[in-house]
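# Breakdown of the fold
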Number of protein chains: 2
Amino acid sequence: MPSLNAPHTSERHPFQRLQSQLADLIALTPAGDRLPTEPELARRMGVSRATLREAMRTFEGQGLIRRRQGVGTFVVSHNHVIESGLEVLQSIESLAAKIGLEVTLGTLQVMRLSANQDQAAILSVPEGTPLLEVSRVIQAEDRPVAYLIDLLPEEFLTLDDLQDGFTGSVIDFLLRRGSPPLVNSLTEIHAVAASSEIARALEIQRGDVLLMFTARLFSGEGQVVDYSYSYFLPGYFRFHVVRRVG
Amino acid sequence: MPSLNAPHTSERHPFQRLQSQLADLIALTPAGDRLPTEPELARRMGVSRATLREAMRTFEGQGLIRRRQGVGTFVVSHNHVIESGLEVLQSIESLAAKIGLEVTLGTLQVMRLSANQDQAAILSVPEGTPLLEVSRVIQAEDRPVAYLIDLLPEEFLTLDDLQDGFTGSVIDFLLRRGSPPLVNSLTEIHAVAASSEIARALEIQRGDVLLMFTARLFSGEGQVVDYSYSYFLPGYFRFHVVRRVG
DNA sequence: CAGTGGTCTAGACCACACG
DNA sequence: GTGTGGTCTAGACCACTGA
């Protein structure tokens, strides 16, 4: 069908109509069931696969569907939401425990490295200081929902420390050990698009939207103990904060 | 060039190489200058226009470039960042004033409407209660950077109120008037992809990532005075919060 | 009007999961 | 192998801007 395009002149907002059709389809499909394949859906909706996929992104971003390469697209069962105020710093693990949600540790990676210029500046240590980088994926309801990276001087955490009863959470470990004394954390809040690497870790698509926190954790003496950046899948977390009126 | 694809077998991460080439190009281009056209860039990089555009999304999301239909793609001049803690509720206008950044009111829309079921639930008013919806676009450095919508019962704000010295900010207006007394706001933090409508208002692309706040503003008696949802362009805002160690 | 980015199409191949 | 989603291509038309 070459040229003669004009496919949408009869509709004011054809893309929105497509989205609404898909929304209906998803709503009518029992949770856990597989949707028709993409070529089939595209044919049925009368659009190209590229356009269909563009429309599907919306629903994936809301956590309503999950696409798995080589398997299919599935309607997600209604999930628990991890809800938390930001006033108090807590590990995801303790948050989840509080609401009775079971979370498991996905891949855990620990790397020793030497502080480069940026890292040195952030942690207020000399360049070349030995650091430990702990990255982990958190799973809930059998899918990755968060990707957390901690970066801290070996002074505060060593590979050996992790041999014994490490649950995945650096904060929980430091708190349990009691030293160094932790006081507070300065957390920045961002929205980002997933890079290829992070998309892979969280089993989502490159470009999908993520909530991101970066945090410096301070000890009593105002020392930076830990720098972390965390990525959260929308739909699984609800963070809130109470703001005073100035 | 039909078939015989294998365009990327010689490269481990061809897409990342493309991104890195683009990053170099953007870095070397003086702020404010226009980049080559998309077809030209695609040819030069040896990829299709679709692939090029996919890679460009990254940089637009970081606020490094700005694409303007009918005009071209421009490297963005280094911009001020509106930085703020979330502990205290302030209007964007007062935030900007504090850091000496000039912001202007873009399009302002005010609508009277009657509370539907959802709105009634959120505001704790009976269905059908007359409401006022105030939506506005905030501009900084000559481009839209935030889209804010306030929804509140006419009991608290009427069309007439807006005739006289309304600067755009509902909060500032209520504070200045002093009634009802405002105490705090419960704000939820989300990351979302821009819908077509919001993309249009903010002059970005559908699907671009945005930081979103939803907030209920409470009076002294625990009454919901205002419900707002706000969309922020990444790169122009830096919100942070200090978290106590539990 | 010409030229730009915005969108869509049709088709191909790749990467992956599962039998 | 077979079939799924993931990615890319080449080309077309649309919507918009500004001369």
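Residues numbered from 1 in each chain as written. Chains lettered and ligands numbered in written order. Predicted model: local features only at pLDDT ≥ 70, side-chain atom pairs only at ≥ 80, totals over all residues. Heavy atoms only, no water.

## Examining the interface of chain B and chain A
Across the boundary between the two partners, chain B contributes 41 residues, which contact 41 residues of chain A. The largest per-residue losses of area from chain B upon contact with chain A belong to Ile189, Arg243 and Val245 of chain B, which jointly make up 21% of the total buried on that side. Counting the contacts that link chain B with chain A gives four salt bridges. Note that Arg206 of chain A is salt-bridged to Glu54 of chain B, the shortest N-O span being 3.3 Å. Taken together, the links from chain B to chain A amount to 18 residue pairs in polar contact (both at pLDDT 80 or more). Contributions of two or more residues to the side of chain B that touches chain A are made by helix H1 (14-28), helix H3 (49-61), strand E3 (82-85), strand E4 (88-89), strand E8 (182-193), strand E9 (209-219) and strand E11 (237-245) of chain B. Per-element accounting of the side of chain B that touches chain A gives the leading share, twelve residues, to E8 of chain B. (Contact = heavy atoms within 4.5 Å. Buried area = accessible area lost by both parts, 1.4 Å probe. Salt bridge = Lys/Arg side-chain N within 4 Å of Asp/Glu carboxyl O. Polar contact = N/O pair within 3.5 Å; in protein donor to acceptor, adjacent residues only side chain to side chain. Helix = DSSP H or I, 4+ residues; strand = E, 2+ residues; numbered from the N terminus.)

## Overview of unusual backbone geometry
Among all residues except glycine, the phi angle is most often negative; among peptide bonds, the trans geometry is most common. Residue and element names in this part refer to chain A. Here the bond from Ser179 into Pro180 is cis, since omega is -5°, no more than 30 degrees from zero. Mapped onto the elements, Pro180 comes out in the loop between helix H6 (170-177) and strand E8 (182-193). Positive phi is not limited to glycine here, since Ser124 has a value of about 55°. For Glu203, which is not glycine, the phi dihedral falls at a positive 55°. In this fold, Glu203 is placed in the loop between helix H7 (196-202) and strand E9 (209-219).

## Remarks on the packing of helix H2 (residues 38-45) of chain A against helix H3 (residues 49-61) of chain A
All names here are of chain A. In the contact formed by H2 and H3, the axes pass within 9 Å of each other and the chain directions differ by 100°. For the element pair H2 / H3, the angle class is roughly perpendicular. Facing Glu38, Pro39, Leu41 and Ala42 of H2, the residues of H3 in contact are Arg49, Leu52, Arg53 and Met56. (Axes fitted to C-alpha atoms, helices over the stretch in contact; angles between N-to-C directions. Parallel < 35°, antiparallel > 145°, perpendicular 65-115°, else oblique.)

## Details of a nonpolar patch on the surface
Taken together, the side chains of Leu105, Leu108, Val110 and Leu159 of chain A present a nonpolar region at the surface, about 270 Å² in accessible area. Positionally, Leu159 of chain A belongs in the loop between strand E7 (143-153) and H6. (Patch = residues over 30% accessible without salt bridge, like charges linked within 9 Å, V, L, I, M, F, W, Y side chains within 5 Å. Areas by Shrake-Rupley, 256 points an atom, 1.4 Å probe, with all protein chains shown as cover.)

## As for the domain arrangement of chain A
As a measure of interface size, the accessible area lost when the parts come together is often cited. All names here are of chain A. In terms of domains, chain A is made up of domain 1 (9-75) and domain 2 (82-240). Facing five residues of domain 1, the contacting portion of domain 2 comprises nine residues. By the criterion of area lost to domain 2, the three top residues of domain 1 are Arg57, Glu60 and Arg66, representing 63% of everything that side buries. Here Arg66 makes a salt bridge to Glu203, at a shortest N to O gap of 2.3 Å. Inspection of the domain 1/domain 2 interface yields two residue pairs in polar contact (both at pLDDT 80 or more). Elements with a contribution of two residues or more to the side of domain 1 that touches domain 2: H3 and strand E1 (65-68). At three residues, H3 tops the list of elements feeding residues into the side of domain 1 that touches domain 2. The residue makeup of the side of domain 1 that touches domain 2, split by class, is no nonpolar, one polar and four charged. (Domains from an automatic or database assignment. Nonpolar A, V, L, I, M, F, W, Y, C, P; charged D, E, K, R; others polar.)

## Topic: the pairing of E1 of chain A
Residue and element names in this part refer to chain A. Pairing between E1 and strand E2 (residues 72-75): four bridges, direction antiparallel. Pairing of Ile65 across the sheet is with Val75, part of E2. Where E1 folds back on E2, the antiparallel hairpin that results is connected by three residues, among which Gly70 adopts a positive phi of roughly 80°. (Pairing = 2+ DSSP bridges.)

## Concerning the protein's contact with DNA strand C
Surrounding DNA strand C, one finds 29 residues, the nearest of these being Ser48 and Thr51 of chain A together with Arg49, Arg53 and Gln205 of chain B. A share of 68% of the atoms of DNA strand C within 4 Å of the protein falls on sugar and phosphate groups. A distance of 3.3 Å separates a base nitrogen of DNA strand C from a polar side-chain atom of Arg49 of chain A. Here Thr73 of chain B contributes a side-chain N or O atom positioned 3.4 Å from a phosphate oxygen of DNA strand C. (Near = heavy atom within 4 Å.)

## A look at the protein's contact with DNA strand D
Neighbouring residues of DNA strand D: 28 residues in total, closest Arg49, Arg53 and Gln205 of chain A together with Thr51 and Gln69 of chain B. Among the atoms of DNA strand D close to the protein, meaning within 4 Å, 68% are from sugar or phosphate groups. Gln205 of chain A places a side-chain nitrogen or oxygen 2.6 Å from a phosphate oxygen of DNA strand D. When residues of the surface near DNA strand D are traced back to their parent elements, those giving at least two are H3, E1 and E2 of chain A together with H3 of chain B. Among the elements that line the surface near DNA strand D, the one with the most residues is H3 of chain B, at three residues. A class-by-class count of the residues in the surface near DNA strand D yields six nonpolar, 14 polar and eight charged.

## Details of the packing of aromatic side chains
If you walk through the whole model with that rule in mind, you get 16 aromatic pairs over all chains. Relative to Phe237 of chain A, the ring of Phe232 of chain A has its centre 4.9 Å away and its plane inclined at 65°; by these criteria the two rings are edge-to-face. The residues Phe232 of chain A and Phe237 of chain A share a single accessibility class, namely buried. A network of ring pairs unites the aromatic residues Phe213, Phe232, Phe237 and Phe239 of chain A as a single cluster. Here the basic side chain of Arg206 of chain B rests over the ring of Phe15 of chain A, its NZ or CZ set 3.5 Å away from the ring centre. (Phe/Tyr/Trp six-rings, centres within 6.5 Å; stacked < 30°, edge-to-face > 60°. Buried < 20%, exposed > 50% of the residue type's maximum accessible area, 1.4 Å probe, protein only. Lys NZ or Arg CZ within 6 Å of the ring centre and 35° of its normal.)

## Observations regarding the pattern of salt bridges
In this structure the tally under the stated criterion is 28 salt bridges over all chains. Note that Glu40 of chain B is salt-bridged to Arg44 of chain B, the shortest N-O span being 3.7 Å. Separated by four residues within a single helix, Glu40 of chain B and Arg44 of chain B lie in helix H2 (residues 38-45), roughly one turn from each other. The class for Glu40 of chain B is partly exposed, based on a relative accessible area of 28%. Residue Arg238 of chain B pairs with Glu83 of chain B through a salt bridge whose shortest N-O separation is 3.6 Å. Of this pair, Arg238 of chain B sits in strand E11 while Glu83 of chain B sits in strand E3, placing them 155 residues apart in sequence. Look at Arg238 of chain B and you get partly exposed, because its relative accessible area is 30%. You can call Glu83 of chain B partly exposed: its relative accessible area is 37%. Each member of the salt-bridge network shares a partner with another, and the members are Glu38, Arg49, Arg53, Glu60 and Arg67 of chain A.

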